[in-house]
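Here is what each chain is made of, one letter per residue.
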Amino acid sequence: DVKVTQSSRYLVKRTGEKVFLECVQDMDHENMFWYRQDPGLGLRLIYFSYDVKMKEKGDIPEGYSVSREKKERFSLILESASTNQTSMYLCASSSPYRGRFRVGTEAFFGQGTRLTVV
Amino acid sequence: AQKITQTQPGMFVQEKEAVTLDCTYDTSDQSYGLFWYKQPSSGEMIFLIYQGSYDEQNATEGRYSLNFQKARKSANLVISASQLGDSAMYFCAMSPVRSGYNKLIFGAGTRLAVHP
């Protein structure tokens, strides 16, 4: 059974703390993504990675950084957590290979991490 | 700019009837994929259906079909014979191909309620 696993289901952190959210996939996927999900705003892309050590900013990268040292692991880092980063964080992975146009397969998602910053 | 727009924050439908969830997209890329996902109250993201930009036929998967109108940049999801278990959030997503890699961007979602 294919899996994307996020390290924590719930996290409570203090303002100013450095926070690490970990995501591991076992499907040998090249693409990995971090989203935050807020009511009425859908899933907003924070960062994505299309290969080891390769990363691209998404739509809301401010206040976040990422690390991908191994293919299966993609970490999201909140450098100095703030209350406006309280949210549900979703990790996903996909393969870029679908037909000849590399439009990507469907993404597989982790169970999400609900982060509360107090 | 690459963007997905879902204009219906909420929809309701009677059980056994069909419902259409709207999705429009904006991209200048020639190659892209379009996806629909379902998110029930449990929070998991469930992949429903895929449409490629070069596919000539509309995609179908069981009770789900995708009404793809490329010139209008729309990719509406049609659910036939609605069931109570279809009550959930539905997200439209796009995967444009640019510079050899693809990102995956989502719309704001539509909450569907199926009434008995």
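In what follows, the accompanying structure is described. (Residues numbered from 1 in each chain as written. Chains lettered and ligands numbered in written order. Predicted model: local features only at pLDDT ≥ 70, side-chain atom pairs only at ≥ 80, totals over all residues. Heavy atoms only, no water.)

Take the overall build of chain A next. For chain A, the count of helices and strands is zero helices and eleven strands. The N-to-C order of helical and strand elements in chain A reads β-β-β-β-β-β-β-β-β-β-β. Taken over C-alpha atoms, the radius of gyration comes to 14 Å for chain A, in line with the 13 Å a tight globule of 118 residues would show. Overall, chain A is about 45 × 25 × 25 Å in size when its C-alpha atoms are taken along their principal axes. The buried share among the 118 residues of chain A stands at 52%. Contacts in chain A between residues at least 24 apart in sequence constitute 56% of all its contacts with a sequence separation of at least 6. (Helix = DSSP H or I, 4+ residues; strand = E, 2+ residues; numbered from the N terminus. Rg over C-alpha atoms; globule rule 2.2 N^0.38 Å. Buried < 20%, exposed > 50% of the residue type's maximum accessible area, 1.4 Å probe, protein only. Contact = heavy atoms within 4.5 Å.)

If you trace the backbone, D38 of chain A turns up in strand 4 (residues 31-38). Setting aside residues no more than four positions away along its own chain, D38 of chain A makes contact with R44, T86 and S87 of chain A.

All names here are of chain A. This structure, assessed with the given rule, holds eight salt bridges over all chains. The partner of E79 in a salt bridge is K18, with the nearest N and O atoms 3.7 Å apart. Taken together, the positions of E79 in the loop between strand 8 (73-78) and strand 9 (87-94) and K18 in the loop between strand 2 (10-13) and strand 3 (19-25) put the pair 61 residues apart, joining distant regions of the chain. Residue K18 is classed as partly exposed on the basis of its relative accessible area, which comes to 45%. Note that E30 and K71 form a salt bridge whose closest N and O atoms lie 3.5 Å from each other. Of the two residues, E30 is situated in the loop between strand 3 and strand 4 and K71 in the loop between strand 7 (64-70) and strand 8; the sequence distance between them amounts to 41 residues. Relative accessible area serves as the criterion here: at 16%, E30 is assigned to the buried category. (Salt bridge = Lys/Arg side-chain N within 4 Å of Asp/Glu carboxyl O.)

Within this structure, the stated rule accounts for 14 aromatic pairs over all chains. Consider the rings of F91 of chain B and F106 of chain B, whose centres lie 6.4 Å apart with planes at 80°: the pair is edge-to-face. Residue F91 of chain B is found in strand 10 (residues 88-98), and its partner F106 of chain B is found in strand 12 (residues 105-106); the two are separated by 15 residues along the sequence. A relative accessible area of 1% means that F91 of chain B is categorised as buried. Given a relative accessible area of 8%, F106 of chain B falls into the buried group. Site record: aromatic cluster; members linked through ring pairs are F33, Y35, F48 and F109 of chain A together with F35, Y37, F47, Y50, F91 and F106 of chain B. If you follow R63 of chain B out to its NZ or CZ, it ends over the ring of Y64 of chain B, 5.7 Å from the centre. One Lys or Arg, K70 of chain B, reaches over the ring of Y54 of chain B and ends 4.7 Å from the middle of that ring. (Phe/Tyr/Trp six-rings, centres within 6.5 Å; stacked < 30°, edge-to-face > 60°. Lys NZ or Arg CZ within 6 Å of the ring centre and 35° of its normal.)

Here the focus is the interface of chain B and chain A. On the side of chain A, 25 residues touch chain B, which itself brings 23 residues to the contact. Between chain B and chain A lies a buried interface of about 2000 Å² when both sides are counted; carbon and sulfur atoms form 59% of it. At the boundary of chain B with chain A, the tally comes to zero salt bridges. Between the two partners, chain B and chain A, sit three residue pairs in polar contact (both at pLDDT 80 or more). Sorting elements by how many residues they give to the side of chain B that touches chain A places strand 5 (residues 32-39) of chain B first, with five residues. In terms of residue class, the side of chain B that touches chain A is built from 14 nonpolar, eight polar and one charged. (Buried area = accessible area lost by both parts, 1.4 Å probe. Polar contact = N/O pair within 3.5 Å; in protein donor to acceptor, adjacent residues only side chain to side chain. Nonpolar A, V, L, I, M, F, W, Y, C, P; charged D, E, K, R; others polar.)

Another point: the sheet that holds strand 1 (residues 4-6) of chain A. Through backbone hydrogen bonds, the strands of a sheet pair up, either in parallel or in antiparallel fashion. All names here are of chain A. Taken in spatial order, the four strands of this open sheet run 1-3-8-7, and their pairing is antiparallel. Single-partner strands in this sheet number two, and they are strand 1 and strand 7. On average, adjacent strands in this sheet sit at an angle of 20° to one another, irrespective of strand direction. By the bridge criterion, six bridges tie strand 3 to strand 8 in an arrangement that is antiparallel. Looking across to strand 8, one finds that F20 is bridged to I77. (Pairing = 2+ DSSP bridges. Axes fitted to C-alpha atoms, helices over the stretch in contact; angles between N-to-C directions.)

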